[in-house]
Amino acid sequence: MAAKPFASSADLGEKQQTLEVLADGVYALTAEGDPNIGAIEGEDFLVCFEALATPTAAREWLARLREHTDKPVRYLVLSHYHAVRVLGASAFGADVIVAHEKTRDLIAERGEADWASEFGRMPRLAKDPDSVPGLTWPTLTFSDRAVIELGGDRGQLVLQYLGRGHTEGDIVAWLPKHRILFAGDLVEAEAALYTGDAFHRDWAGPTLDGVAALGAEALIGGRGPVTHGRPAVEAAIAQTRDFLQTMIDEVGAVHARGGTLKEAFAAAHASLVDGYGHWPIFEHCLPFDVSRLWDELSGIERPVVWTAERDREVWDRLQG
Ligand SMILES: [Zn+2]
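Colleague: So what exactly am I meant to see when it comes to the coordination of the zinc ion here?
Modeller: The zinc ion binds to the protein through His-80 (NE2), His-82 (ND1), His-166 (NE2) and Asp-185 (OD), with metal-donor distances spanning 2.1 to 2.4 Å. The site at the zinc ion holds four donor atoms, and with the angles between them running 88 to 178°, its shape is irregular. Spacing between the donor residues of the zinc ion along their common chain follows H-x1-H-x83-H-x18-D. Of this pair, His-80 sits in the loop between strand E5 (73-77) and helix H2 (83-86) while His-166 sits in the loop between strand E9 (156-161) and strand E10 (171-175), and the two are 86 residues apart along the sequence. Taking the relative accessible area as the measure of exposure, His-166 reaches 0% and is therefore buried.

Colleague: I keep staring at unusual backbone geometry and nothing clicks. Help me out?
Modeller: One can expect most non-glycine residues to show negative phi and most peptide bonds to be in trans. Backbone geometry places Leu-52, a non-glycine residue, at a positive phi of 65°. Examined against the element boundaries, Leu-52 turns out to sit in the loop between strand E4 (46-49) and helix H1 (55-65).

Colleague: Hey, could you run me through the layout of surface pockets in this one?
Modeller: Here the idea is plain: a probe the size of a water molecule rolls over the atoms and shows the empty space left. Estimates place the volume of the largest pocket at around 280 Å³. In this structure, the largest pocket is lined by 16 residues; those nearest its centre are Gln-17, Asp-34, Ala-57, Leu-125 and Lys-127. Among the secondary structure elements, those contributing two or more residues to the lining of the largest pocket are strand E2 (26-31), strand E3 (34-41) and H1. If you tally residues by element for the lining of the largest pocket, the top one is E3, at three residues. Taken together, the residues that form the lining of the largest pocket break down as nine nonpolar, one polar and six charged.

Colleague: Would you take a moment to explain the nonpolar core for this structure?
Modeller: In summary, soluble globular proteins display a tendency toward joint burial of nonpolar side chains. Formed by 51 residues in total, the largest nonpolar core has its most connected members in Leu-181, Val-187, Val-211, Phe-243, Leu-286, Phe-288 and Val-290. Looking at this core, the elements with two or more residues in it are E10, strand E11 (180-184), helix H4 (200-213), helix H5 (230-256), helix H6 (261-276), helix H7 (282-297) and helix H8 (308-318). If you tally residues by element for this core, the top one is H5, at nine residues. Once you skip the residues sitting within four places of it in the chain, Phe-243 turns out to touch Ala-192, Leu-193, Leu-272, Tyr-276, Phe-282, Leu-286 and Asp-289. Membership of the second largest hydrophobic core comes to 33 residues, among which are Leu-52, Leu-62, Ala-83 and Met-122.

Colleague: Sorry, what's going on with the packing of aromatic side chains here?
Modeller: Where two aromatic rings form a pair, the distance of their centres and the angle of their planes describe that pair. In the structure shown here, the tally under the stated rule is ten aromatic pairs. Taken together, a centroid distance of 6.4 Å and an interplanar angle of 70° make the contact between Trp-115 and Phe-119 edge-to-face. Highlighted residues: Trp-115 and Phe-119, both in helix H3 (residues 101-121), separated by four residues, approximately one helical turn. For Phe-119, a relative accessible area of 12% corresponds to the buried category. With a centroid separation of 5.4 Å and 65° between ring planes, the pair formed by Tyr-276 and Trp-279 is classed as edge-to-face. With respect to class, Tyr-276 is no different from Trp-279; both count as buried. Ring-pair connections join several aromatic residues into one group, and the members of that group are Phe-6, Phe-288, Trp-306 and Trp-315. When the ring centre of Phe-288 is taken as reference, the NZ or CZ atom of Arg-121 above it lies at 3.7 Å. Against the face of Phe-199 rests Arg-292, its NZ or CZ located 5.2 Å from the ring centre.

Definitions and limits used
Residues numbered from 1 in each chain as written. Predicted model: local features only at pLDDT ≥ 70, side-chain atom pairs only at ≥ 80, totals over all residues. Heavy atoms only, no water. Donors = N, O, S within 2.8 Å, 3.2 Å for Na, K, Ca; no water. Tetrahedral: all angles 85-135°; square planar, octahedral: opposite > 155°, others 65-115°. Helix = DSSP H or I, 4+ residues; strand = E, 2+ residues; numbered from the N terminus. Buried < 20%, exposed > 50% of the residue type's maximum accessible area, 1.4 Å probe, protein only. 1 Å grid on protein atoms, 1.4 Å probe; cavity = no way out; pocket = protein on both sides within 12 Å on 5 of 7 lines; lining within 4 Å. Points joined across faces, edges and corners; volume = space filled by probe spheres on them. Nonpolar A, V, L, I, M, F, W, Y, C, P; charged D, E, K, R; others polar. Core = buried A, V, L, I, M, F, W, Y, C linked by side-chain atoms within 4.5 Å. Contact = heavy atoms within 4.5 Å. Phe/Tyr/Trp six-rings, centres within 6.5 Å; stacked < 30°, edge-to-face > 60°. Lys NZ or Arg CZ within 6 Å of the ring centre and 35° of its normal.

So this is what it looks like as structure tokens:
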């Protein structure tokens, strides 16, 4: 059997982008499993949610958004620190860049390494990589909750930290008036999970409980289509939880009996492939996912920093 190409390095075909207007002044752009982004109109300003991988990629999104509104971007909200979500920030000209306080710490600690790692794993997303001026630094951070008053009768945009999950500092953006939730990578709809920087047990338990408790009627996950209606929202949350729990069970069993990382990878792959193997980035993510979960079960509290070199090492060991 030929070796699998590293991560998403061979996935170079353009994805179809779809812009949906979910309510008056609420926009989501999805892209067949590539990172999703959104925007919310205030009375005289815009809040953008996520920034894509490069300013060039972000400018294409902004050009589409500008067909609907010419309001200036006051806030750029970043759900977490991952490079393919944040490094396009300079294109927005935002007054304020908002993130969780842990996200700022993580950018300081591992932003450079993550940049090299993610651009190597997903070269297609790194459109015109030289357009990135440097790391993206949040200018406003919070620990639990922050509220943006949208003005007029537009209600509030509530930014919330619901616990450790996909990273140490994920936040969601919640529009109570419309019951629309931008969930970032805490929920994926019909896309595989990346858990290489995750806290699997917190995420599968209290953090997803917190997401579900909001009672969203539309949810934009990190990847995959917008889910419309309570049943679809609940299904997306359940899928995310099932993916995590299956990994925890399979990797946990191998770990408990003193097996090897490679055996744990094989067990997790065998259990997940029928349900999730056809979804975007499944083969790409799983070696990194199992590797982090193995560390977590071994008592390594915080995710080990991924570097371009470590990526290749883990890949060759598990997918090679
Ligand atoms: Zn992420």
